[in-house]
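# Examination of the molecular architecture
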Amino acid sequence: MSIIHDLAATIEARKSADPDSSWTAALLSRGPEKCAEKFGEEAVEAIIEAVKGDRARLTSEAADTLYHLLVMCIARDVRLSDIENELISRSIQSGLDEKAAR
Ligand SMILES: N=c1c2ncn([C@@H]3O[C@H](COP(=O)(O)OP(=O)(O)OP(=O)(O)O)[C@@H](O)[C@H]3O)c2ncn1[C@@H]1O[C@H](COP(=O)(O)O)[C@@H](O)[C@H]1O
């Protein structure tokens, strides 16, 4: 299992955890809209670091963004395996071919 799979499994488990016992459980208890808001904030912070070009800070913000993306999706019952299957279904076609076929 990769760290991303481990993280997704931890977030799934936090859905039924006491909100006082974990940040993830507390965030999930505030609902999918709050999870989406937090993802948006973290994504913007990652964009800012990408524009600035600070590699270490971008790495940190990218990790925050990935975590909050998983929380947002899991809050809406979209699992990492669903996203992986979507990526696999796309892997048979290049992005340029997909765009041309639209
Ligand atoms: N990867 C993360 C991770 N990245 C960021 N964060 C938390 O996300 C929060 C974001 O901080 P902010 O300052 O933006 O949020 P805030 O100001 O406290 O909240 P608001 O006022 O906006 O509501 C911080 O508390 C970070 O610690 C994370 N919390 C947890 N994880 C992973 O999730 C696992 C389970 O964590 P718990 O659920 O806390 O046990 C951990 O072991 C980690 O692997």
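Residues numbered from 1 in each chain as written. Predicted model: local features only at pLDDT ≥ 70, side-chain atom pairs only at ≥ 80, totals over all residues.

Take the site of the ligand next. Surrounding the ligand, one finds Leu7, Thr10, Arg14, Ser22, Trp23, Thr24, Ala25, Asp64 and Tyr67. Elements with a minimum of two residues in the shell around the ligand: helix H1 (3-14), helix H2 (23-29) and helix H4 (55-75). Considering only residue class, the shell around the ligand consists of four nonpolar, three polar and two charged. (Near = placed C-beta within 6 Å. Helix = DSSP H or I, 4+ residues; strand = E, 2+ residues; numbered from the N terminus. Nonpolar A, V, L, I, M, F, W, Y, C, P; charged D, E, K, R; others polar.)

All right, on to H4 then. Spacing of three or four residues puts side chains on the same side of an α-helix, whose turn is 3.6 residues. Between its terminal C-alpha atoms H4 stretches 30 Å, which fits the 30 Å expected from 21 residues at 1.5 Å a residue. Here H4 has its buried residues at Glu61, Thr65, Tyr67, His68, Leu70, Val71, Met72, Cys73, Ile74 and Ala75. Buried residues in H4 make contact with H1, H2, helix H3 (32-52) and helix H5 (80-90). Looking one or two places after H4, you find Asp77, whose phi comes out positive at around 60°. (Expected span 1.5 Å × (residues − 1). Buried ≥ 20, exposed ≤ 12 C-beta atoms within 10 Å, placed from the backbone. Contact = placed C-beta atoms within 7 Å.)

We now examine the confidence of the model for the protein chain. For the protein chain, the average pLDDT comes to 95, and 99% of its residues sit at 70 or higher. This complex was scored by the predictor with a pTM of 0.91 and an ipTM of 0.87. (pLDDT = per-residue confidence, 0-100.)

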